[in-house]
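So you can see what is in the structure, the chains are spelled out below.
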Amino acid sequence: MAGYQDLSNFERGLIVGHGMGHSISEAAMKFGYSHTTISRVYHEYRVSDFNAGALRNVSVRTVERTIIDMGFRNRCPTSVPLLTVRHTALRLAWVSQRRHRTVDDWKQVAWSDESRFQLYRVDGHVLVWRQPHESMDPTCQQGTV
């Protein structure tokens, strides 16, 4: 098995071009290289891409500080229901049919949708860089089911 030092520029480009959408383990199995080799290639690509066109190398921390100075903060995305066009239309129809109800009518309703379950993501900690006024921007939200 070839090590990191033995890879040609073509092989590194192949790993980056066809493997970046996959996890390191998946790419290691796909290309037949060790986990460490793939990890080093990915890291080398990220650092070189990060510093491409710069007059000097810039650390990740410097960029983070600059982003914070620009007013961005690293926050959890706003959780919003994952709705399709059909779901939105059905909700609108349901509300339209019940728009005449009073507050007292709604107090008589037993709400049973309190169960929590997850289909599309794990309970991992997800963060997005956003400015304070962007909490409802769709690019800063995470759909829930």
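Parameters at a glance
Residues numbered from 1 in each chain as written. Predicted model: local features only at pLDDT ≥ 70, side-chain atom pairs only at ≥ 80, totals over all residues. Heavy atoms only, no water. Helix = DSSP H or I, 4+ residues; strand = E, 2+ residues; numbered from the N terminus. Buried < 20%, exposed > 50% of the residue type's maximum accessible area, 1.4 Å probe, protein only. Contact = heavy atoms within 4.5 Å. Arc of directions from axis to C-beta. Polar contact = N/O pair within 3.5 Å; in protein donor to acceptor, adjacent residues only side chain to side chain.

- The protein chain appears in an unreviewed UniProt entry as Transposase Tc1-like domain-containing protein from Araneus ventricosus.

## Some thoughts on the environment of Gln141
Alright, step 1. Its place among the elements puts Gln141 in strand β4 (residues 141-144).
Alright, step 2. In this structure Gln141 comes out as partly exposed when scored by relative accessible area, which is 23%.
Alright, step 3. Residues Gln141 and Cys76, spaced 65 residues apart in sequence, show a C-alpha to C-alpha distance of 8.6 Å.
Alright, step 4. The residues contacting Gln141, other than those within four sequence positions of it, are Pro77, Thr78, Val80, Ser135 and Met136.

## Some remarks on helix α2 (residues 24-31)
Alright, step 1. Taken together, the buried positions of α2 are Ala27, Ala28 and Phe31. Angularly, the buried residues of α2 cover 105 degrees about the axis, an arc narrow enough to put them on a single face.
Alright, step 2. In the stretch just after α2, Gly32 is the one whose phi turns positive, near 80 degrees.

## Looking at the side chain of Thr37
Alright, step 1. By the element assignment, Thr37 lies in helix α3 (residues 35-50).
Alright, step 2. According to the relative accessible area criterion, Thr37 is buried, its value standing at 5%.
Alright, step 3. Here the side chain of Thr37 touches Ser34 through a polar contact of 2.8 Å, side chain to side chain.

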